[in-house]
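# Analysis of the macromolecular model
As a plain string of letters, each chain reads:
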Amino acid sequence: MITKQILELVALQPSNAKEIIEKLNGRRTVVFATLSSLSRRGLISREAVKKTEAGRGRKTIYIYRANVANNTAAEITC
């Protein structure tokens, strides 16, 4: 269920993990495990974006996007 929701969400708009957690009201561990699983299976891709925050230094944030070629495969596996 969470897998399908995440796939639909990133297909509509590329998002980072924090946005996905907020929109789905999911637990962090479940969302991160699902994101890494989907990424390994090739259903979504992630792009690293480096940001600098005041007082915290550099931070890497990943933006998750749905792979257009694998959208039909995602519908079959869900």
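Model, not experiment: these values are computed from the prediction.

### Section: the packing of aromatic side chains
Here a ring pair, both rings aromatic, is described through the centre-centre distance and the interplanar angle of the planes. A full pass over the atoms with the stated rule returns zero aromatic pairs. The ring of Y62 has R46 sitting right over it, with the charged end atom 4.0 Å from the ring centre.

### Quick word on the packing of helix 1 (residues 2–12) against helix 3 (residues 28–41)
Contact geometry of helix 1 with helix 3 gives a least axis separation of 10 Å together with a crossing angle of 70°. As summarised for this structure, helix 1 and helix 3 are arranged roughly perpendicular, according to the angle between their axes. By crossing handedness, the relation of helix 1 to helix 3 is classed as right-handed. Where helix 1 approaches helix 3, its residues I2, T3, I6 and L7 are matched on the opposing element by V30, V31, T34, L35 and L38. Class assignment for the residues of the contact of helix 1 with helix 3 results in seven nonpolar, two polar and no charged.

### Focus on unusual backbone geometry
Glycine aside, residues mostly have negative phi, and peptide bonds are mostly found in the trans state. Even without being a glycine, N25 presents a positive backbone phi close to 55°. Here N25 lies in the loop between helix 2 (17–24) and helix 3.

### Some thoughts on the nonpolar core
Core analysis: the biggest nonpolar cluster contains 14 residues, and I20, L35, I44 and Y64 have the highest contact counts within it. Breaking this core down by element, the ones donating at least two residues are helix 1, helix 2, helix 3 and strand 3 (57–66). Considering each element in turn, this core owes the most residues, four residues, to helix 1.

### Re the pattern of salt bridges
Scanning the model with the defined rule gives one salt bridge in all. Between R65 and E47 there is a salt bridge; the shortest N-O distance is 3.0 Å. One end of the pair, R65, is in strand 3; the other, E47, is in strand 2 (residues 44–53), and 18 residues separate them in sequence. A relative accessible area of 32% places R65 in the partly exposed class. You can call E47 partly exposed: its relative accessible area is 37%.

Parameters at a glance
- Residue positions are counted from 1 within each chain, in the order its sequence is given.
- A pLDDT threshold of at least 70 governs which residues receive local features in this predicted model, and a stricter bar of 80 or more applies before side-chain atom pairs are shown or counted, although totals over entire chains, interfaces and linings include all residues.
- For the side-chain quantities, the full set of heavy atoms in the structure was used; hydrogens and water were omitted.
- Stacked, tilted and edge-to-face are the three classes applied to pairs of Phe, Tyr and Trp rings, where Trp contributes its six-membered ring and a pair requires centres within 6.5 Å; stacked means planes under 30 degrees apart, edge-to-face means over 60, and tilted covers the rest.
- Should the NZ of a Lys or the CZ of an Arg lie within 6 Å of a ring centre and within 35 degrees of the ring normal, that charge is described as sitting over the ring.
- Only the stretch in contact is used when a helix axis is fitted, and all axes are lines through C-alpha atoms; the angle between N-to-C directions ranges over 0 to 180 degrees.
- Secondary structure elements follow DSSP: runs of H or I no shorter than four residues count as helices, runs of E no shorter than two count as strands, and numbering proceeds from the N terminus.
- Each angle gets one of four labels, with under 35 degrees taken as roughly parallel, over 145 as roughly antiparallel, 65 to 115 as roughly perpendicular, and the rest as oblique.
- For any helix crossing, the convention is left-handed if the near helix is rotated counterclockwise from the far helix by under a right angle, and right-handed if that rotation is clockwise.
- The contact rule is simple, with two residues in contact once any of their heavy atoms fall within 4.5 Å.
- Each residue gets one label: Ala, Val, Leu, Ile, Met, Phe, Trp, Tyr, Cys and Pro are nonpolar, Asp, Glu, Lys and Arg are charged, and the others, such as Gly, are polar.
- Nonpolar core, defined: a set of buried Ala, Val, Leu, Ile, Met, Phe, Trp, Tyr and Cys residues in which side-chain atoms within 4.5 Å join the residues together.
- Throughout, exposure labels follow a simple rule: accessible area from a 1.4 Å probe, protein chains only, divided by the maximum for the residue type, with under 20% read as buried, over 50% as exposed, and the rest as partly exposed.
- The term salt bridge refers to a pairing of a side-chain nitrogen on Lys or Arg with a carboxyl oxygen on Asp or Glu at a separation within 4 Å.

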